[in-house]
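Structural description and commentary
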Amino acid sequence: MTPDRATQDYIGASDAHSAHNYHPLPVVVATGDGAWLTDVDGRRYLDMLAGYSALNFGHGNRRLVDAARAQLERVTLTSRAFHHDRFADFCTQLAELCGKDMVLPMNTGAEAVETAVKTARKWGYRVKGVSDGRARIVVASDNFHGRTTTIVSFSTDPEARADFGPYTPGFDIVPYGDLDALRAAVTDETVAVLLEPIQGEAGVLVPPAGYLPGVRELTRERGVLFIADEIQSGLGRTGRTFACEHEGVVPDVYVLGKALGGGVVPVSAVVADRDVLGVFRPGEHGSTFGGNPLACAVGLEVIAMLRGGEYQRRATELGEHLHAELGVLAGTGKVTQVRGRGLWAGVDIDPSYGTGREISEKLMARGVLVKDTHGSTIRIAPPLVIGKEDLDWGLDQLRAVLGA
Ligand SMILES: *Cc1c(COP(=O)(O)O)cnc(C)c1O
């Protein structure tokens, strides 16, 4: 495909002066509305990625934009050197949504994961009684928890890891979904098990039924924190507020991000009970922007929207439809496997139709934006506000690309 002039000019300028740490599809977005984007040449696209679930509530969501605008006019940043009048409400209401006592707000997902790692280590030394410097955290293979040096230290993806050592020690990696391997890896020095309840970047991998309850039971027995990274799986995507809920599991620590900022500003948080998050004393952790007034105002609106349950219901209903339709495609053999839950699917395409990237480019040419993950897998995760007709139209484009 040959992008036309305006698009080409933008991409050339971008390539010239930005680090090439991404390989975006050749589309240059100018505006967004709901599930739709318009590019600099006026072409419209259905957004079936939703910023990796950061845009669960869609582009330009009226409630979120109004909340942000009102706060922009009041005050946007104080630093945590002072109190501000949105902070307490945000922490109280987020804690309530999670059924926990306390919130530690940060900005990006990776920062929240780092915060959870620090929380677990400090808890391990101060509460569990692990000898200084000995704390270990068990994680899963094919995880994605962010891009900082500590987090890539326990990645199993060579692309994410190579050339970024020396690596942070203290992590044990076990196969995802394998409870026996996890049981064997936990020692008296293990302070936490850190997992995605559904692995997003790995291709929307749902663990075997019973795995998460098994992790819950094991960690409780062994006095180990269960940290659920719900940054991508949480806040409505799977049809529940948290993906863990599908298995009736309540982790000790929730790590949240992405949709918590409503696609407007980066907002992340670690949420846990007082016996865990209470380990921090002034000066031991922080962030200049973490918990700022604008972030809290937007986050509060997100929490209010989730409390209504409407988005979770939409994700359930549209998700059933999405998975039924993808199941039909899988029956044709053109799609080799479909995984996921709610309005979230990892779709393995028969490699004879091209790589995930090639399929994504063909979908883009038909006005649908998705993102490939590994090999011939594409990920479908439209904003939860998408209309059923639009979702059907997007699926029509996938069927057309596959000649189905
Ligand atoms: C996106 C993501 C992160 C990292 O979030 P950033 O805001 O990109 O730092 C961490 N964990 C999971 C599960 C994610 O999907």
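Being a predicted model, the structure only gives us computed values, none of them experimental.

Cut-offs applied
Residues numbered from 1 in each chain as written. Predicted model: local features only at pLDDT ≥ 70, side-chain atom pairs only at ≥ 80, totals over all residues. Heavy atoms only, no water. Helix = DSSP H or I, 4+ residues; strand = E, 2+ residues; numbered from the N terminus. Rg over C-alpha atoms; globule rule 2.2 N^0.38 Å. Areas by Shrake-Rupley, 256 points an atom, 1.4 Å probe, with all protein chains shown as cover. 1 Å grid on protein atoms, 1.4 Å probe; cavity = no way out; pocket = protein on both sides within 12 Å on 5 of 7 lines; lining within 4 Å. Points joined across faces, edges and corners; volume = space filled by probe spheres on them. Nonpolar A, V, L, I, M, F, W, Y, C, P; charged D, E, K, R; others polar. Buried < 20%, exposed > 50% of the residue type's maximum accessible area, 1.4 Å probe, protein only. Contact = heavy atoms within 4.5 Å. Pairing = 2+ DSSP bridges. Domains from an automatic or database assignment. Buried area = accessible area lost by both parts, 1.4 Å probe. Salt bridge = Lys/Arg side-chain N within 4 Å of Asp/Glu carboxyl O. Polar contact = N/O pair within 3.5 Å; in protein donor to acceptor, adjacent residues only side chain to side chain. Near = heavy atom within 4 Å.

Here's the deal with the overall build of the protein chain
Broken down by element type, the protein chain carries 14 helices and 15 strands. The C-alpha radius of gyration of the protein chain comes to 21 Å, within 12% of the 22 Å expected for a compact globule of 404 residues. By principal-axis analysis of the C-alpha atoms, the protein chain measures approximately 60 × 55 × 45 Å. Element-wise, carbon and sulfur atoms account for 51% of the exposed surface of the protein chain, whose accessible area totals about 17400 Å².

Some points on the layout of surface pockets
Estimates place the volume of the second largest pocket at around 620 Å³. Along the walls of the second largest pocket sit 23 residues, with Arg 80, Phe 87, Val 103, Leu 104 and Pro 105 positioned nearest its centre. Of all the secondary-structure elements, those providing two or more residues to the lining of the second largest pocket are α4 (87–98) and β4 (102–106). With five residues, the single largest contributor to the lining of the second largest pocket is β4. Taken together, the residues of the lining of the second largest pocket break down into twelve nonpolar, eight polar and three charged.

Regarding the side chain of His 59
Relative to the helices and strands, His 59 is located in the loop between α2 (50–53) and α3 (62–72). Taking the relative accessible area as the measure of exposure, His 59 reaches 13% and is therefore buried. In this view, His 59 contacts Gly 32, Asp 33, Gly 34, Trp 36, Leu 37 and Asp 47; residues no more than four positions away in its chain are not counted.

A short note on the pairing of strand β5 (residues 136–140)
Here β5 lies mainly inside the structure; four of its five residues are buried. The pairing of β5 with strand β7 (residues 190–195) spans four bridges and is parallel. Paired with Val 139 across the strands is Leu 194, a residue of β7. As judged from the four bridges shared by β5 and strand β6 (residues 171–174), these two strands associate in the parallel manner. Note that in β6 the partner of Val 138 across the bridge is Asp 172.

Brief notes about the domain arrangement of the protein chain
By the assigned domains, the protein chain splits into domain 1 (5–61 + 310–402) and domain 2 (74–307). Between the C-alpha centres of domain 1 and domain 2 there is a distance of 27 Å. Counting from both sides, the interface comprises 29 residues of domain 1 and, opposite them, 26 residues of domain 2. Buried area between domain 1 and domain 2, summed over both chains or domains, comes out near 2400 Å², and the portion from carbon and sulfur atoms is 58%. Of all residues in domain 1, the largest losses of buried area upon contact with domain 2 belong to Gln 312, Arg 341 and Trp 344, amounting jointly to 33% of the total for that side. For the pair domain 1 and domain 2, the number of links is one salt bridge. The salt bridge partner of Glu 201 is Arg 379, with a shortest N-O separation of 2.8 Å. Scanning the region where domain 1 abuts domain 2 turns up 14 residue pairs in polar contact (both at pLDDT 80 or more). Elements that contribute at least two residues to the side of domain 1 that touches domain 2 include exactly α2, α12 (310–331), β11 (335–340), β12 (345–349) and β15 (377–380). Split into classes, the residues belonging to the side of domain 1 that touches domain 2 amount to 14 nonpolar, twelve polar and three charged.

Considerations on the site of the ligand
The full set of residues close to the ligand is Thr 108, Gly 109, Ala 110, Phe 144, His 145, Gly 146, Glu 196, Asp 229, Ile 231, Gln 232 and Lys 258. Gly 109 has a polar backbone atom sitting 2.8 Å from an oxygen atom of the ligand. The separation between a nitrogen atom of the ligand and a polar main-chain atom of Phe 144 is 3.4 Å. Out of a free accessible area of 380 Å², the ligand has 81% covered by protein chains.

Looking at the pattern of salt bridges
Within this structure, the stated rule accounts for 20 salt bridges. Close ionic contact of Arg 183 with Asp 180 constitutes a salt bridge, the shortest N to O distance being 3.1 Å. One end of the pair is Arg 183 and the other is Asp 180, both in helix α8 (residues 179–185) and three residues apart, which spans about a single turn. Residue Asp 180 is classed as exposed on the basis of its relative accessible area of 56%.

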